[in-house]
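Structural characterization, general
Chain residues, written in single-letter form:
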Amino acid sequence: MDDLELNPRILAAVRKANLVSFPAILNLSSADVERRTKLSANDVRILLQTISRRVFKNPSATALELYQGTCPKSLRVSSLSTGCEVLDAFLRGGILSPGITEIAGESAAGKTQLCMQLCLSVQRSTVNGGLDGGAVYICTEDVFPSKRLHQLIENFQKRLSATKYHQLKLGDNIFIEHLSERDQLVHCIQYRIPLLLKQSRVKLIVVDSLAALFRCEFSPREAARRARHLQTLGAQLHRLSWLHDVPVVCVNQVTANMSNNSSSHSNQCQLIPALGLAWSNLVQTRLMLGRTNYKLSSFDAAGHQPQPADTERTVPETAGVPVRTMEVVFAPHLPNDTCYFVVEAAGVRGLR
């Protein structure tokens with residue numbers, strides 16, 4: 001308290017009121033501080049502003065400084081490349097870092113495929129869109145598709161050429177953890193992952209998926225209790241993300257929208273991400289993946305997307321590789337938009 005650059009008269013009044021710590025003053029309203037210290041409103045305002053500047057040490061920046069890149073380093077937002085130029089252009093650089101990005105979608109929509117490709121892309125240098133580090137992959141559903149990962153590793157180096165990139169042992173920098181209970185996930189995030197982050201060996205955290213644990217351990221009557229646990233877990237993931245400047249990618253399942261707004265005459269029900277509003281408020285960016293009836297051969301030679309008027313047209317199953325969609329539901333830097341992509345042996349590839 002004595003180190004504050006304040007008028008000695010104000011400091012003497014604060015000591016006389018027995019306010020010896022910053023929390024003791026900040027927890028009081030301005031009127032309460034005036035009554036206890038007998039100071040004027042202007043003196044109390046100066047006192048609170050001085051203490052607030054001392055306590056709140058996070059740097060600030062204007063929108064112009066963020067745009068020009070002249071803001072403090074801790075405030076600069078970077079992106080993790082998806083490993084595909086088309087998807088990177090659609091997402092304006094890739095996955096935001098730091099922050100939580102949710103990848104939701106129905107079964108076989110390509111969620112795990114995209115996450116595994118991110119685990120490879122993060123190991124590239126920052127010049128080439130990576131973060132020059134490894135990844136933690138927490139698997140809570142089926143057995144991790146290790147054979148598919150090895151296939152991606154073999155093709156990824158051929159498809160993406162970069163300086164010294166071929167020398168990386170991609171499989172050695174992916175730490176895979178199988179968890180089947182929520183308590184195990186909490187323990188892993190609280191104690192095990194921070195150790196890897198402190199060693200600067202990990203630059204990406206993937207949880208595939210949260211819904212698998214929270215939907216089976218909590219009954220519908222325990223919605224409030226589930227929301228509290230989700231908020232606690234989300235706060236821990238945000239803390240790790242911002243403290244170590246790493247992106248967090250969480251896979252989410254979908255559920256049918258049974259509201260009155262959905263069309264009862266339509267054979268296709270609307271799908272929405274699971275876990276409800278409590279989890280949605282913790283997500284920075286939400287990407288929704290889905291399947292279509294299109295095949296790769298339904299695109300023209302230039303790779304143009306199909307027209308909306310053709311949505312009712314079906315294509316035989318043998319016509320080519322299935323086409324999937326990626327929709328930006330919400331993001332701080334992206335408009336609501338949709339692009340198309342396919343999952344091939346070489347990985348996830350966007351269509352122009």
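Report follows, based on the coordinates. (Residues numbered from 1 in each chain as written. Predicted model: local features only at pLDDT ≥ 70, side-chain atom pairs only at ≥ 80, totals over all residues. Heavy atoms only, no water.)

The next point concerns the overall build of the protein chain. For the protein chain, the count of helices and strands is 12 helices and 13 strands. In the protein chain, the share of contacts with a sequence separation of at least 24, taken over all contacts with a separation of at least 6, comes to 68%. Roughly 19300 Å² of accessible area belongs to the protein chain as shown, and the carbon and sulfur atoms make up 50% of that amount. (Helix = DSSP H or I, 4+ residues; strand = E, 2+ residues; numbered from the N terminus. Contact = heavy atoms within 4.5 Å. Areas by Shrake-Rupley, 256 points an atom, 1.4 Å probe, with all protein chains shown as cover.)

The next subject is the pairing of strand E13 (residues 347-351). Buried residues dominate E13, accounting for four of its five residues. As defined by bridge partners, strand E12 (residues 338-344) adjoins E13 across five bridges and the pair is classed as antiparallel. Of the residues in E13, the one forming a bridge with Phe 341 is Gly 350. Hairpin connection from E12 to E13: two residues lie between these consecutive antiparallel strands. (Buried < 20%, exposed > 50% of the residue type's maximum accessible area, 1.4 Å probe, protein only. Pairing = 2+ DSSP bridges.)

What follows concerns empty space enclosed by the protein. The final tally for this structure, using the stated rule, is one cavity of 30 Å³ or more. Looking at the lining of the largest cavity, the elements that each hand over two or more residues are strand E2 (95-97) and strand E10 (285-295). Among the residues forming the lining of the largest cavity, the class breakdown is five nonpolar, four polar and no charged. (1 Å grid on protein atoms, 1.4 Å probe; cavity = no way out; pocket = protein on both sides within 12 Å on 5 of 7 lines; lining within 4 Å. Points joined across faces, edges and corners; volume = space filled by probe spheres on them. Nonpolar A, V, L, I, M, F, W, Y, C, P; charged D, E, K, R; others polar.)

To continue, consider the packing of helix H9 (residues 182-198) against helix H11 (residues 223-244). H11 packs onto H9 with a crossing angle of 10° between their chain directions and a minimal axis gap of 11 Å. If you check the angle between H9 and H11, you find them roughly parallel. Within the contact between the two elements, H9 uses Arg 182, Leu 185, Val 186, Ile 189, Gln 190, Ile 193, Pro 194, Leu 197 and Lys 198 and H11 uses His 229, Leu 233, Gln 236, Leu 237, Leu 240 and His 244. The residue makeup of the contact of H9 with H11, split by class, is nine nonpolar, four polar and two charged. (Axes fitted to C-alpha atoms, helices over the stretch in contact; angles between N-to-C directions. Parallel < 35°, antiparallel > 145°, perpendicular 65-115°, else oblique.)

What follows covers the environment of Ser 79. Inspection of the secondary structure puts Ser 79 in strand E1 (residues 78-80). Look at Ser 79 and you get partly exposed, because its relative accessible area is 25%. What Ser 79 contacts, discounting residues up to four positions off in sequence, is Arg 92, Gly 93, Gly 94, Ile 95, Leu 96, Gly 129 and Leu 131.

Mapped onto the secondary structure, Arg 182 falls in helix H9. For Arg 182 and Ala 212, which are 30 residues apart along the polypeptide, the C-alpha to C-alpha distance reads 9.4 Å. With near-sequence residues (within four places) excluded, Arg 182 lies in contact with Leu 213, Phe 214, Glu 217, Phe 218 and His 229. Of note is the side chain of Arg 182, whose polar atom sits 3.1 Å from the side chain of His 229. (Polar contact = N/O pair within 3.5 Å; in protein donor to acceptor, adjacent residues only side chain to side chain.)

Turning next to the packing of helix H3 (residues 30-37) against helix H4 (residues 41-55). Packed helices, taken two at a time, are described by the angle their axes make and the gap between the axes. One can describe the packing of H3 onto H4 by two numbers: an axis separation of 10 Å at closest approach and a directional angle of 115°. Considered as vectors, H3 and H4 are oriented roughly perpendicular to each other. With respect to the hand of their crossing, H3 and H4 are arranged in right-handed fashion. Contact residues: Ser 30, Val 33, Glu 34 and Thr 37 in H3; Ala 41, Val 44, Leu 47 and Leu 48 in H4. (Left-handed = near helix turned anticlockwise from the far one by under 90°.)

All right, on to the sheet that holds E12 then. Pairing in this open sheet of nine strands is mixed, and the strands run E5-E4-E6-E7-E3-E10-E11-E12-E13 from one edge to the other. Looking along the sheet, the strands with just one partner apiece sit at the ends: strand E5 (174-178) and E13. Across the sheet, the mean angle from the axis of one strand to that of its neighbour is 25°, orientation sign disregarded. Strands strand E3 (99-105), strand E6 (202-208) and strand E7 (247-252) of the sheet are contacted by H11, whose axis makes an angle of about 125° with E3.

Looking now at the nonpolar core. Core analysis: the biggest nonpolar cluster contains 41 residues, and Leu 91, Leu 120, Tyr 137, Leu 204, Val 249 and Met 326 have the highest contact counts within it. Among the elements that take part in this core, helix H7 (residues 111-121) stands out by supplying six residues, more than any other. Each residue touching Val 249, except ones within four places of it in the same chain, is listed here: Ile 95, Thr 101, Ile 103, Cys 115, Leu 118, Leu 204, Ile 205, Val 206 and Val 207. Counting 30 residues, the second-largest nonpolar core is a separate cluster that includes Ile 100, Leu 213, Phe 214 and Cys 250. (Core = buried A, V, L, I, M, F, W, Y, C linked by side-chain atoms within 4.5 Å.)

This part is about helix H1 (residues 8-16). All of the buried residues along H1 are Ile 10, Leu 11, Ala 13 and Val 14. Axial view of H1: buried residues confined to an arc of 160°, hence all on one face. In H1, the exposed residues that point more than 90 degrees away from the buried face are Pro 8 and Lys 16. Packing partners of the buried residues in H1 comprise helix H2 (22-26), H3 and H4. For H1, the N-terminal capping position is held by Asn 7, with its side-chain oxygen 2.8 Å away from the main-chain nitrogen of Arg 9. Downstream of H1 by one or two residues, Asn 18 has phi in the positive range, about 65°. (Arc of directions from axis to C-beta.)

Checked against the element boundaries, Asn 252 lands in strand E7. Reaching out from Asn 252, the side chain makes a polar contact with the backbone oxygen of Ala 274 at a distance of 2.8 Å. Excluding anything up to four places from it in sequence, Asn 252 contacts Glu 102, Ile 103, Ala 104, Gly 105, Lys 111, Ser 209, Ala 211, Pro 273, Ala 274, Leu 275 and Trp 279.

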